Amino acid sequence: MSERFGERVRSALRAKGPLCVGIDPHAALLAAWGLTDDAQGVREFGLRTVEAAAGKVAVVKPQVSFFERFGSQGIAALEDVLAAARAAGLIVIADAKRGDIGSTMDDYARAWLTPGSPLEADALTVSPFLGVGALDGTFAVAEKNGKGLFVLAATSNPEAEGLQRSTDSAGTTVSAAVISEVSARNAESSAAGEWGSFGFVIGATVDWTRAGIEPFTPAAPILAPGFGAQGATPADLRSRFGTMSAAVIASESRSILSAGPADLMETISARAAEYREVAGV
Ligand SMILES: O=C(O)c1cc(=O)[nH]c(=O)n1[C@@H]1O[C@H](COP(=O)(O)O)[C@@H](O)[C@H]1O
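Note that the coordinates shown come from a computational prediction; the quantities given were computed from them, not determined experimentally.

Rules of the game
Residues numbered from 1 in each chain as written. Predicted model: local features only at pLDDT ≥ 70, side-chain atom pairs only at ≥ 80, totals over all residues. Heavy atoms only, no water. Pairing = 2+ DSSP bridges. Helix = DSSP H or I, 4+ residues; strand = E, 2+ residues; numbered from the N terminus. Axes fitted to C-alpha atoms, helices over the stretch in contact; angles between N-to-C directions. Contact = heavy atoms within 4.5 Å. pLDDT = per-residue confidence, 0-100. Buried < 20%, exposed > 50% of the residue type's maximum accessible area, 1.4 Å probe, protein only. Parallel < 35°, antiparallel > 145°, perpendicular 65-115°, else oblique. Left-handed = near helix turned anticlockwise from the far one by under 90°. Phe/Tyr/Trp six-rings, centres within 6.5 Å; stacked < 30°, edge-to-face > 60°. 1 Å grid on protein atoms, 1.4 Å probe; cavity = no way out; pocket = protein on both sides within 12 Å on 5 of 7 lines; lining within 4 Å. Points joined across faces, edges and corners; volume = space filled by probe spheres on them. Nonpolar A, V, L, I, M, F, W, Y, C, P; charged D, E, K, R; others polar.

Draft legend 1. Seen up close, the sheet that holds strand β6 (residues 198-202). Taken in spatial order, the 8 strands close into a barrel running β1-β2-β3-β4-β5-β6-β7-β8, and their pairing is parallel. This sheet shows a mean twist of 30 degrees between the axes of neighbouring strands, independent of strand direction. Here 3 bridges tie strand β3 (residues 91-98) to strand β4 (residues 123-126), and the two strands are oriented parallel to one another. Bridged to R98 within β4 is V126. Taken strand by strand, helix α1 (residues 5-16) contacts β3, β4, β5 (148-154) and β8 (248-252), and its axis lies near 125 degrees from that of β3.

Listed below in structure tokens is the structure:
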């Protein structure tokens, strides 16, 4: 079996620090970069971002919507970006936030997490809001292929509060229940002391106490968007994530990409160094 995803992320974060560069070719950014608002534009945007990020950070996260907007040509562009990023040695999280009933979810998992698939990534963001059990086939595909998942637990957007902070009769929030159910699967599939490969999305803007969530075991990577444009700063790595901060993948998209193509490499280097300092890497 291939090397487990959780352990791959653990070593990569130790080597390169927590910063993850989000590849989000918004229309306004394409215009600012002098690129066309079409599949060729998003392809070029993605490839230039990969080139600038390679060797400087451990992880990149292409956002699928920006490519899907252009139909089959956009998806072909995404395939090129995913392949280039993986060839550059970056860990690639496809941010597609897939979630469906089990029988149809499984093929989303196969599409993104099968070695040799046109859309192969190292990990996929998935939604548990159709029930964590609906992801069981997805956990199995990831496990079999040495891939990872990031399960939405406490997202960074303010609109999530009502749903994700609601509680069951025991007072457990939906966010905490997701973490607990996914952690049980990590405990079954990872050896003692290893990081699990089924990670979580916990926004950097989320107050853990208010969200009813606590440090969890076994450790698993935490994808934390919300840094940069949504307001969280590198200092929030420690203040928000406390004892779990070593597991955090700190994701920024617009705040980095708005530097423009000429200054991108320098911006990524400087920001990555800032995060390394906070993380003590
Ligand atoms: O799964 C994600 O990546 C994600 C989860 C979440 O809770 N909040 C969130 O903003 N994201 C994604 O993270 C990126 C944030 O972009 P910026 O706000 O520009 O840094 C976007 O691609 C979002 O879709």
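Next, the rest of the story.
Draft legend 2. Spatial organisation of the confidence of the model for the chain. Considering every residue of the chain, the mean pLDDT works out to 97; 99% of them sit at 70 or more. Confidence metrics for the complex model read pTM 0.98 and ipTM 0.99.

Draft legend 3. Structural detail: unusual backbone geometry. For the bond running from T217 to P218, omega is -10 degrees, close enough to zero to count as cis. Position of P218 among the secondary structure elements: in the loop between α10 (208-211) and β7 (222-225). Of note, K97 is a non-glycine position whose phi angle comes to about 45 degrees, a positive value. Its place among the elements puts K97 in strand β3.

Draft legend 4. A look at the pairing of strand β2 (residues 59-62). The two faces of β2 match: V59 and K61 on one face and V60 and P62 on the other face are all buried. The sheet contact formed by strand β1 (residues 19-23) and β2 spans 4 bridges and is parallel. In the strand pairing of β2, G22 is matched with K61. Where β2 and β3 come together, 2 bridges link them in parallel fashion. Pairing of V59 across the sheet is with I91, part of β3.

Draft legend 5. Spotlight on the environment of I249. Structurally, the position occupied by I249 is in strand β8. I249 sits 85 residues away from Q164 along the chain, and the two C-alpha atoms are 21 Å apart.

Draft legend 6. Main features of the packing of helix α6 (residues 102-113) against helix α7 (residues 136-145). It is the contact of α6 with α7, at a shortest axis distance of 8 Å, that shows an interaxial angle of 25 degrees. Viewed along their axes, α6 and α7 adopt a mutual orientation that is roughly parallel. Note on packing geometry: the crossing formed by α6 with α7 is right-handed. Residue-level inspection shows M105, D106, A109, R110 and L113 of α6 in contact with α7, the latter providing G137, T138, V141, A142 and N145.

Draft legend 7. Expanded view of the packing of aromatic side chains. Tallied over the full model, the rule gives 6 aromatic pairs. Taken together, a centroid distance of 4.8 Å and an interplanar angle of 65 degrees make the contact between F200 and F216 edge-to-face. Highlighted residues: F200 in strand β6 and F216 in the loop between α10 and β7, separated in sequence by 16 residues. Per residue, the accessibility class of F200 equals that of F216, and both read buried. Arranged with centres 5.8 Å apart and planes meeting at 85 degrees, the rings of W208 and F241 form a pair that is edge-to-face. Taken as a pair, W208 in helix α10 and F241 in helix α11 (residues 236-241) lie far apart in primary sequence, 33 residues in all. By relative accessible area, W208 is classed as buried at 9%. According to the relative accessible area criterion, F241 is buried, its value standing at 2%.

Draft legend 8. Here's a closer look at empty space enclosed by the protein. For the coordinates displayed, the defined rule picks out 1 cavity of 30 Å³ or more. Considered as a void within the structure, the largest cavity measures approximately 30 Å³ in volume. Taken together, R4, F5, A142, E143, G146, K147, S197 and F198 make up the full set of residues lining the largest cavity. For the lining of the largest cavity, the class distribution of residues is 3 nonpolar, 2 polar and 3 charged.

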